[in-house]
Amino acid sequence: MKINAVILAAGKGTRMKSLDPEHSKVSYPILGVPLVRYVVNAVRPLVNGKIYTIVGYGGDATKAIVEDLTGIVWQREQKGTGHAVLQASPFLKDEDGVTLVLCGDTPLLTTATLENLIQDFEKKGHDATVMTCVVDNPFGYGRIIRNEKNLVEGIVEQRDATDDQRKIREVNTGVYAFDNRKLFQELDNLTADNAQGELYLGDVLTLFRKKGYVIGASILEDQKEMLGINDRVQLAEAAKVMKLRINRKLMLSGVTIEDPDNTYIGPNVTIGQDTIIRPNTTILGYSTIGPVNKIGPATYLENVTVGEGNSIVSSYITDTSMVNKNEVGPYSKIRSHTQIGSNTRIGNFVELKNAVIHDGVKAAHLSYLGDTSIGDNTNVGCGTITANYDGKKQISYRNRQRCLLGLRNNSCSSH
Ligand code: UD1
Ligand code: MG
């Protein structure tokens, strides 16, 4: 069966209350990764056709986040979720198979859950399957209306619901599987006859019902997965769930995390066995941490590669690689493509920028080593500075020669 997907990501996100008029909601990050990227990654393994992301408000930012993995379709005016899907009509309407529709603001959805939805759709011979969930607090979500035979009749949004309907705790997760051709035929018949004057995607189900098509529900058990981010309280809630999900997986794979509530590790980080992560540590970006390291407390790492047997205490390190058995910190700042060999010591109040630090170097305290290559076993004295800026002139990146501070077994200091 051909499977395509449409991810809705054009909405403004008014409830995020940002000062920045171009800040699309789905570009807010959790653990350094934008919300919509989580959704793309969850659906990607299931799609054998194409994924389209509908962008609009703050669309250039959203486009930049997903265009390597999905097609981009613009929704210039945001007239509702149904209107958003309609924009993909020129690209999809003549395709056979199933189209998954997801919202870009539900980062906790997993591939396994989406797979269940597709199976329900296929095995039960549905024309449309809506993923629903029975939640403790249904406020804000579309309510699922079922008839006396318990079949899904349609969806009523919070603002259009009667008091009785508002008591319904089975809600729309915003995720659907549709027979593709029928979806695009019926989208043309949607009307904006509701409290928000928008074309609601959920109303397609009512149109399907009128045509006698088969509609079903795929029930999501874990209500955490459907959390839609509409404001910054929900953003923090989802971040907490994601953090614990990632930490749990790492711990079960052999990483010690002393305080999982206060450890923030991104989804693209790998960590080897027997590494110990101490409290208040953040590791983000595409970071690869080998085995048997001690990291933290109070350490920030982003886009770093760390070998084996290193100790990094209370330090801030970005875009850096180090090999084995280095001692870093406390209070080191290391950045801009610095490379560190093995058996070095980078101590307190040492800043490294775009430096190559060879094996056995010791820079134990209070130094700035920038745009530098330091030879094996050099001992860098306290207060040493190497820089490409003399207060007036900065050597341009292109023409800059690395400052060579000692080649082998040297001891040096400069003030
Ligand atoms: C939507 C559903 C609701 C469901 C909930 C699940 C509708 C009308 N309501 O409500 O039934 O319970 O999701 O989280 O579908 N978007 C566009 N273009 C638009 C409008 C929205 O692309 O014109 C996108 C948004 O960027 C967002 C998604 O669609 O990613 C959902 O929109 P949102 O405003 O968050 O809808 P909810 O109120 O959460
Ligand atoms: Mg939402």
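Residues numbered from 1 in each chain as written. Chains lettered and ligands numbered in written order. Predicted model: local features only at pLDDT ≥ 70, side-chain atom pairs only at ≥ 80, totals over all residues. Heavy atoms only, no water.

Moving on, we come to the overall build of the chain. Helices and strands together make up the secondary structure of the chain, namely nine helices and 32 strands. C-alpha atoms of the chain, sized along the principal axes, occupy 85 × 45 × 40 Å. Per-residue burial for the chain yields a buried fraction of 50% across its 415 residues. Here the chain has roughly 19500 Å² of accessible surface; of this, 48% comes from carbon and sulfur atoms. Taking the average location of the 47 positive side-chain charges in the chain and that of its 46 negative ones, the two points are 5 Å from each other. (Helix = DSSP H or I, 4+ residues; strand = E, 2+ residues; numbered from the N terminus. Buried < 20%, exposed > 50% of the residue type's maximum accessible area, 1.4 Å probe, protein only. Areas by Shrake-Rupley, 256 points an atom, 1.4 Å probe, with all protein chains shown as cover. Lys, Arg positive; Asp, Glu negative; His and termini not counted. Charge placed at Lys NZ, Arg CZ, Asp CG, Glu CD.)

One can find T53 in strand β4 (residues 51-55). Polar side-chain contacts of T53 include one of 2.8 Å to the side chain of T70. Not counting chain neighbours up to four residues away, the residues in contact with T53 comprise I7, A9, V36, V66, T70, G71, I72 and V73. (Polar contact = N/O pair within 3.5 Å; in protein donor to acceptor, adjacent residues only side chain to side chain. Contact = heavy atoms within 4.5 Å.)

Lining the immediate environment of ligand 1, one finds 22 residues, of which G11, Q75, T81, E157 and N172 sit closest. Interatomic distance of 2.7 Å between a side-chain N/O atom of Q75 and a nitrogen atom of ligand 1. One of the side-chain N or O atoms of E157 is found 2.7 Å from an oxygen atom in ligand 1. Relative to its unbound accessible area of 750 Å², ligand 1 is 90% covered by the protein chains. Because more than half of its atoms lie within 2 Å of the grid, ligand 1 is assigned to the largest pocket. Looking at the shell around ligand 1, the elements with two or more residues in it are β1 (3-9), α3 (81-86) and β10 (170-179). Per-class residue counts for the shell around ligand 1 are seven nonpolar, ten polar and five charged. (Near = heavy atom within 4 Å. 1 Å grid on protein atoms, 1.4 Å probe; cavity = no way out; pocket = protein on both sides within 12 Å on 5 of 7 lines; lining within 4 Å. Sits in = over half its atoms within 2 Å of the grid points. Nonpolar A, V, L, I, M, F, W, Y, C, P; charged D, E, K, R; others polar.)

Before going further, it helps to examine unusual backbone geometry. For the bond from G296 to P297, the omega torsion is 5°, close enough to zero to count as cis. Relative to the helices and strands, P297 resides in the loop between β18 (294-295) and β19 (300-306). We note that V292 has phi near 55°; this positive angle belongs to a residue other than glycine. Residue placement: V292 occurs in the loop between β17 (288-289) and β18. We note that N377 has phi near 60°; this positive angle belongs to a residue other than glycine. For N377, a relative accessible area of 40% corresponds to the partly exposed category.

Taken domain by domain, the chain consists of domain 1 (3-226) and domain 2 (250-412). For domain 1 versus domain 2, the distance between C-alpha centres works out to 44 Å. On the domain 2 side, the residues contacting the four residues of domain 1 number six residues. Interface of domain 1 and domain 2: buried area, both sides summed, is about 340 Å²; carbon and sulfur atoms make up 74% of it. (Domains from an automatic or database assignment. Buried area = accessible area lost by both parts, 1.4 Å probe.)

On inspection of all chains with the given rule, the structure shows 15 salt bridges. For the salt bridge of R37 with D68, the shortest nitrogen-to-oxygen distance reads 2.8 Å. Of this pair, R37 sits in helix α1 (residues 35-43) while D68 is found in the loop between α2 (59-66) and β5 (71-74), placing the two residues 31 residues apart along the sequence. What makes R37 buried here is its relative accessible area of 17%. A salt bridge links D164 to K167; the shortest N-O distance between them is 3.5 Å. Just as D164 is exposed, K167 falls in that class too. (Salt bridge = Lys/Arg side-chain N within 4 Å of Asp/Glu carboxyl O.)

With respect to the helices, strands and loops of the structure, T299 is situated in the loop between β18 and β19. By relative accessible area, which is 2% here, T299 ends up buried. Only 3.0 Å separates the side chain of T299 from the backbone nitrogen of S314, close enough to count as a polar contact. In contact with T299, other than residues within four places in its own chain, are N280, T281, T282, I312, V313, S314 and S315.

Once that is clear, we can look at the coordination of the magnesium ion (ligand 2). Those donors, D105 (OD) and N230 (OD1), are the protein atoms that reach the magnesium ion (ligand 2), and they lie 2.4 Å from it. Here the residue D105 occupies a position in the loop between β6 (98-103) and α5 (111-123), and N230 occupies one in the loop between β11 (215-220) and α9 (232-252), the gap between them amounting to 125 residues. Of the residues examined, D105 reaches a relative accessible area of 12% and is grouped as buried. Since its relative accessible area comes to 17%, N230 is described here as buried. (Donors = N, O, S within 2.8 Å, 3.2 Å for Na, K, Ca; no water.)

Moving on to the state of the cysteines. Per the stated rule, a full pass over the model turns up zero disulfides. Its sulfur unpaired, C133 is 14 Å from the next cysteine sulfur, which belongs to C103. (Disulfide = S-S within 2.5 Å.)

So, on to the packing of aromatic side chains. Applying the stated criterion across every chain, the model contains six aromatic pairs. Relative to F178, the ring of Y176 lies with its centre 5.2 Å away and its plane at 20°, an arrangement referred to as stacked. Just as Y176 is buried, F178 falls in that class too. These aromatic residues form a ring-pair network of at least three members: Y176, F178, F208 and Y213. Between the NZ or CZ atom of R76 and the centre of the ring of W74, over which it lies, the distance is 4.1 Å. Residue placement shows K182 over the ring face of Y213; its charged tip is 4.6 Å from the ring centre. (Phe/Tyr/Trp six-rings, centres within 6.5 Å; stacked < 30°, edge-to-face > 60°. Lys NZ or Arg CZ within 6 Å of the ring centre and 35° of its normal.)

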